[in-house]
Amino acid sequence: MAIRPYINILSIKLLPECFAPTNALWFTRGENCCKDWIANSTAKGIAIAMAHPRRFAIAQKCPTLIPHFTGSKTMVAKKYPTIGLIEPPATGLYDAEGKNWTSLYRNRSLISKQVLIPDLQAGGFDARLVNLRDDSYSEEFGQVFWKGMNLRKTYVGGKISALDPEAFDAWGVTVNFSQDRQVTCMVIEHLAKGGRPIVVGGSDALAEPHHYLKAGATVVVQDKSGAANWAIFDYVLGRPPREELTGVIFADGKQYPRKTKAKSPDEWALPSVEVARDCLGTLPNVQGLAPVGSLVADIGCDRTCDFCMTPTYGTGFRRMSPETALKWLEIQKQAGARSINIGSDQFLARVLFPGGREEILEITNGARDMGITLMWPNGLELRKTTLGAGRNYDSTDLRPDEELISALFAWDGKVGCPLAYIPAERPVFGREAYKKLLPWQEHCDLMKAVVRTGVPVVTYGIIIGLPDDDHEDLLRLEEAIADLVDELVEINPQLEFQTSCYSIIPLPGTPQSYNLRKSGMLQFEDTCLWGVWTTTSNTNHLTYAEVSDWQIRLSNIRRAPAEFTNYNGEYSAMVSTASSKDSQIALANLN
């Protein structure tokens, strides 16, 4: 049972609408007279505690300690406990010239929060977004020596110390990327001062929960589908349990394995227009600085690539029906989105199921009918856009499925796909490590089919730093990509082509992480460097610094100015022509 300072009741006043505290501020959906009344009351040191959704108690804080959510006659218990859902600040790595060597991923659509907030609200919790990612404060919290440079580890966004640790009854923190682990632990350490329960989830926390528990988290959720959420928040808030605890681990080491079947995206609560609006991002593309919404149309993957964390989630592949997906897209449009990030792990795995191909056509055509565009930040597996649906048989038909490719990538100047991310990974030498990849000639045929749809921008993702990579292999890779780009530009002279070159990193819980350590190739354990733009491992033939030099060189295979961005390092020193306001923010605060 959580213990907290509470209040003595002075009087009760009925208001026309609900008022509730968020992030130590007061917000209202009521009339101006009520806003004035709240302002006058709070100015005098008077606090407000929610009772019935339309009834509030005016009270002054006192030091009396009584159990949270008791039936005491000296208080009015909150009907809907408040949960602050944190989006942590971004992590930057700045050199002496002020160049950032990693992507901050700021001003992006908040994909996971848009799923989590309505899910908790449907469970009877007053869940609110606390976005610490998009503000303009920066603070250095350490340094790391990398490639002959002292890089300043800097968080950019909201000021952590300004956050009131007692602003909510409980906190939820999501951390998906190891790069943000240290900053997220700083947030947790600060929140722990308030004595409120802290629930942590996300891919990195699932893989290595001990870091977050040590920082002060109450519990780490190890179910990525959302099936564990209601039960754990009921538990930490002292509410009557509705479900058994499942898929969580506590700070004392007690663990509840996953018992509940993973939720399907069709079971998620739809977001309100207000929540969808709060979770919008922005991304410059051919539509201008477009407001970007999001849709997670499925979870899980049919592949087991050794570098990827998705196979470790244990959810299986679960997809959202076209009917639900189109409802979600309509809400994004009402919230003001002009473009949508489809945040699926493996959207095209649908083609392996009866009727799955038709589902893809229904969703993409429905988006066109609504007048909104679709982007694929996690990429689309080209092998699954073939007539053989990507199956790994010798007899599989690897010719392009032209209708499917058009549905996914076609652009008519207004709707369709304004920016395509293609996870080519290792299209030439080294593709044996990735079962989803095509032979080179078939790969080129698929790329040409994609470009013929008129898609204006292609971001071409490749991975280097494999154990056997050497100068000769990477030189041949460079030549092959350059030749392919020449052929693609012949098809569409207006094509903007960007190469996004990643280096392998030890993503927690993956076979790749284990092998990098076992072989002695991993050179850095500082997780701030695990952001794919700062190489961390040697190969059998190259040092990490030489791999980094190749990464920069390959990233500059491009056509047209670097005006548009995706998840491709445009906000890093990887591309010399790129610039970022984020660097200016950091420099202004650090100098």
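Counting restarts for each chain: residues are numbered from 1 in the order of the written sequence. Totals for whole chains, interfaces and linings use every residue, but because this is a predicted model, local features are given only for residues with pLDDT of at least 70 and side-chain atom pairs only at 80 or more, for both listing and counting. In computing side-chain properties, one takes all heavy atoms of the structure into account and sets aside hydrogens as well as water.

(A) Layout of the packing of helix α8 (residues 322-334) against helix α9 (residues 356-370). Think of each axis as a best-fit line through the C-alpha atoms, taken over the contacting stretch in the case of a helix, with angles from 0 to 180 degrees between the N-to-C directions. Numbering of helices and strands starts at the N terminus; helices are DSSP runs of H or I of at least 4 residues and strands are runs of E of at least 2. Interhelical geometry of α8 versus α9 gives an angle of 25 degrees and a closest axis separation of 10 Å. Classified by the interaxial angle, the pair formed by α8 and α9 is roughly parallel. The element α8 and its partner α9 pack so that their crossing is right-handed. For the pair formed by α8 and α9, the contact residues are Pro322, Ala325, Leu326, Leu329, Glu330 and Lys333 on the first element and Glu359, Glu362, Ile363, Gly366, Ala367 and Met370 on the second. Geometric relationships in this document are graded by angle, where less than 35 degrees denotes roughly parallel, more than 145 denotes roughly antiparallel, 65 to 115 denotes roughly perpendicular, and other angles denote oblique. With the far helix as reference, a near helix turned anticlockwise by less than a right angle produces a left-handed crossing, and one turned clockwise produces a right-handed crossing. When checking whether two residues touch, look at their non-hydrogen atoms; a contact exists if any pair is within 4.5 Å.

(B) Representation of the sheet that holds strand β14 (residues 248-250). Sheet architecture is open: 7 strands sit in the order β8-β6-β11-β12-β13-β14-β15, paired in mixed fashion. Lying at the two open borders of the sheet, with one neighbouring strand each, are β8 (126-131) and β15 (255-256). Note: β14 against β15, 2 bridges, orientation antiparallel. Among the inter-strand pairings, Val248 is bridged to a residue of β15, identified as Tyr256. Where helix α2 (residues 111-122) meets the sheet, it contacts β6 (82-87), β8 and β11 (170-174), and its direction lies at approximately 175 degrees from that of β6. Lying over the sheet, helix α6 (residues 229-236) contacts β6, β11, β12 (198-201), β13 (219-221) and β14, oriented at roughly 170 degrees with respect to β13. In short, DSSP must find at least two bridges between two strands for them to pair.

(C) Representation of the packing of α9 against helix α10 (residues 402-409). With their axes 9 Å apart at the nearest point, α9 and α10 run at an angle of 35 degrees to one another. In the crossing of α9 with α10, the sense of the turn from one axis to the other is left-handed. Residues Arg357, Ile360, Leu361, Thr364 and Arg368 of α9 touch α10, and the partners they reach there are Glu403, Leu404, Ser406, Ala407, Leu408 and Phe409. Residue composition of the contact of α9 with α10, by class: 6 nonpolar, 2 polar and 3 charged. Classes in brief: Ala, Val, Leu, Ile, Met, Phe, Trp, Tyr, Cys and Pro nonpolar; Asp, Glu, Lys and Arg charged; the others, Gly included, polar.

(D) Quick peek at the pattern of salt bridges. Basic side-chain nitrogens of Lys or Arg form a salt bridge, by our definition, when they fall within 4 Å of a carboxyl oxygen of Asp or Glu. Summed over the entire model, instances satisfying the criterion amount to 24 salt bridges. With a shortest N-O distance of 2.8 Å, Glu87 and Lys113 are connected by a salt bridge. Placement of Glu87 in strand β6 and of Lys113 in helix α2 is noted, with a sequence separation of 26 residues between them. The same class applies to Glu87 and to Lys113, which are both buried. Its salt-bridge partner being Glu97, residue Lys99 comes within 3.9 Å of it at the nearest N-O pair. When accessible area is computed with a 1.4 Å probe and restricted to protein chains, residues below 20% of their type maximum are described as buried, those above 50% as exposed, and intermediate ones as partly exposed.

(E) The packing of aromatic side chains, seen in detail. For Phe, Tyr and Trp, rings pair up if their centres lie within 6.5 Å, where Trp contributes its six-membered ring, and each pair is then called stacked (planes under 30 degrees apart), edge-to-face (over 60) or tilted (otherwise). Applying the stated criterion across every chain yields a total of 12 aromatic pairs. Considering the side-chain rings of Phe250 and Tyr256, the 6.1 Å spacing of their centres and the 75 degrees angle between planes classify their relative orientation as edge-to-face. A relative accessible area of 19% places Tyr256 in the buried class. Either the NZ atom of lysine or the CZ atom of arginine qualifies as a charge over a ring when it sits within 6 Å of the ring centre and within 35 degrees of the ring normal. Taking NZ or CZ as reference, Lys263 lies 5.3 Å from the ring centre of Trp230, over its face. Across the ring face of Phe353, the terminal group of Arg319 is positioned such that the distance to the ring centre comes to 4.8 Å.

(F) Local environment of the sheet that holds strand β23 (residues 457-464). An order of β22-β23-β24-β25 is seen for the 4 strands of this open sheet, with the pairing classed as mixed. In this open sheet, the two edge strands, each paired with only one partner strand, are β22 (420-425) and β25 (558-559). Here 5 bridges tie β22 to β23, and the two strands are oriented parallel to one another. Considered in β23, the bridge of Ile422 is made with Tyr460. Those strands touched by helix α11 (residues 440-452) are β22 and β23, and its axis lies near 155 degrees from that of β23.

(G) Geometry of helix α14 (residues 544-555). The first and last C-alpha atoms of α14 sit 16 Å apart over 12 residues, in line with the 16 Å expected at 1.5 Å per residue. Elements in contact with the buried residues of α14: β9 (137-146), β23, α12 (471-491), β24 (496-503) and β25. Expected helix span is computed as 1.5 Å times (number of residues minus one).

(H) View of the pairing of β24. Across the 8 residues that make up β24, a large majority, 8, are buried. Across the two faces of β24 the burial is the same, with Glu496, Gln498, Ser500 and Tyr502 and Phe497, Thr499, Cys501 and Ser503 all buried. As defined by bridge partners, β23 adjoins β24 across 8 bridges and the pair is classed as parallel. By the bridge assignment, Thr459 is partnered in β24 with Gln498.

(I) Structural detail: α9. Over its 15 residues, α9 extends 21 Å from the first C-alpha to the last, a length consistent with the 21 Å expected when each residue adds 1.5 Å. Listing the buried residues of α9 in full gives Gly356, Glu359, Ile360, Leu361, Ile363, Thr364, Gly366, Ala367 and Met370. On its buried face, α9 sits against β19 (318-319), α8, β21 (373-375) and α10. A positive phi of about 85 degrees marks Gly371, the residue just after α9.

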